[in-house]
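What the coordinates show
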Amino acid sequence: MRFTGNIDAKTDSKGRVFLPAAFRKILQANGDEGLILRRDVFQACLVLYPVSVWNRQVDAITARTSPFDRRGRDILRRFVAEAEAVALDGNGRFLIPKRYLRLANIVNDVRFIGVDDTIEIWAKDAADHLLEQEDEWSASLEQLMSE
């Protein structure tokens, strides 16, 4: 399952937003309609994980730790504690809880960005700024691919 592209949307007054139809089609084609929402580990954005992808992520963390590894358990605990299952309503909308809106600095305008097997949700102005850094991005890509 691969999500690509970026699509702008708006939250309503309750924090609901339509999951873009292109992304819904990919989820439906893969039979994976359950979603987990979490703040990103590195950036001020949110990440939607299809349940199958979420389970692989949690399994990967669990495989690298044990119940007797305090640091590993703390990492796992924090990773799963900051996540929440979300469901699409009949219209393809889901609710972004207020605490998540604050964490990502989302007021109204959002941008969905497909990133491999997840979907990022950014405040539109933050996404604009991120995507404007063309020279830095191309230099980083060049370095990554030439190694």
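Note: the structure precedes this text.
Residues numbered from 1 in each chain as written. Predicted model: local features only at pLDDT ≥ 70, side-chain atom pairs only at ≥ 80, totals over all residues. Heavy atoms only, no water.

Further remarks concern the sheet that holds strand 5 (residues 83–86). Strand order in the open sheet made by the six strands is 1-7-8-4-3-5, with antiparallel pairing throughout. The open sheet has two edge strands with one neighbour each: strand 1 (6–10) and strand 5. Geometrically, the sheet is characterised by an average inter-axis angle of 25 degrees between neighbouring strands, direction not taken into account. Helix 1 (residues 21–29) contacts strand 1, strand 3 (35–39), strand 4 (46–50), strand 7 (109–115) and strand 8 (118–123) of the sheet and is inclined by roughly 40 degrees relative to strand 7. (Pairing = 2+ DSSP bridges. Helix = DSSP H or I, 4+ residues; strand = E, 2+ residues; numbered from the N terminus. Axes fitted to C-alpha atoms, helices over the stretch in contact; angles between N-to-C directions. Contact = heavy atoms within 4.5 Å.)

This brings us to unusual backbone geometry. A positive phi angle is found at N105, which is not glycine, with a value near 55 degrees. By the element assignment, N105 lies in the loop between helix 4 (98–103) and strand 7. On the accessibility criterion, N105 (53% relative accessible area) is exposed. Positioned with a positive phi, D116 is a non-glycine residue whose angle comes to about 60 degrees. For D116, a relative accessible area of 36% gives the class partly exposed. (Buried < 20%, exposed > 50% of the residue type's maximum accessible area, 1.4 Å probe, protein only.)

Below, the discussion takes up the nonpolar core. By size, the foremost hydrophobic cluster in this structure holds 22 residues, and its most contacted members are L19, L48, F94, I96, F112 and I121. Among the secondary structure elements, those contributing two or more residues to this core are helix 1, strand 3, strand 4, helix 4, strand 7 and strand 8. Ranked by the residues each element gives to this core, the list is headed by strand 8, at three residues. Excluding residues within four positions of it along the chain, I121 makes contact with L37, C45, L46, L48, F94, I96, I106, V110, R111 and F112. Formed by nine residues, the second largest nonpolar core is a distinct cluster that contains I36, V53, V58 and F79. (Core = buried A, V, L, I, M, F, W, Y, C linked by side-chain atoms within 4.5 Å.)

Looking now at helix 3 (residues 70–81). Between the first and last C-alpha of helix 3 there are 16 Å, a value that for 12 residues agrees with the 16 Å anticipated at 1.5 Å per step. Every buried residue belonging to helix 3 is among G72, L76 and F79, and all of these are buried. Buried residues along helix 3 cover an arc of 65 degrees about the axis, so they all sit on one side. Seen from the open side of helix 3, the exposed residues pointing more than 90 degrees away from its buried face are R70, R71 and A81. Next to the buried residues of helix 3 lie strand 3, strand 4, helix 2 (51–63) and strand 5. (Expected span 1.5 Å × (residues − 1). Arc of directions from axis to C-beta.)

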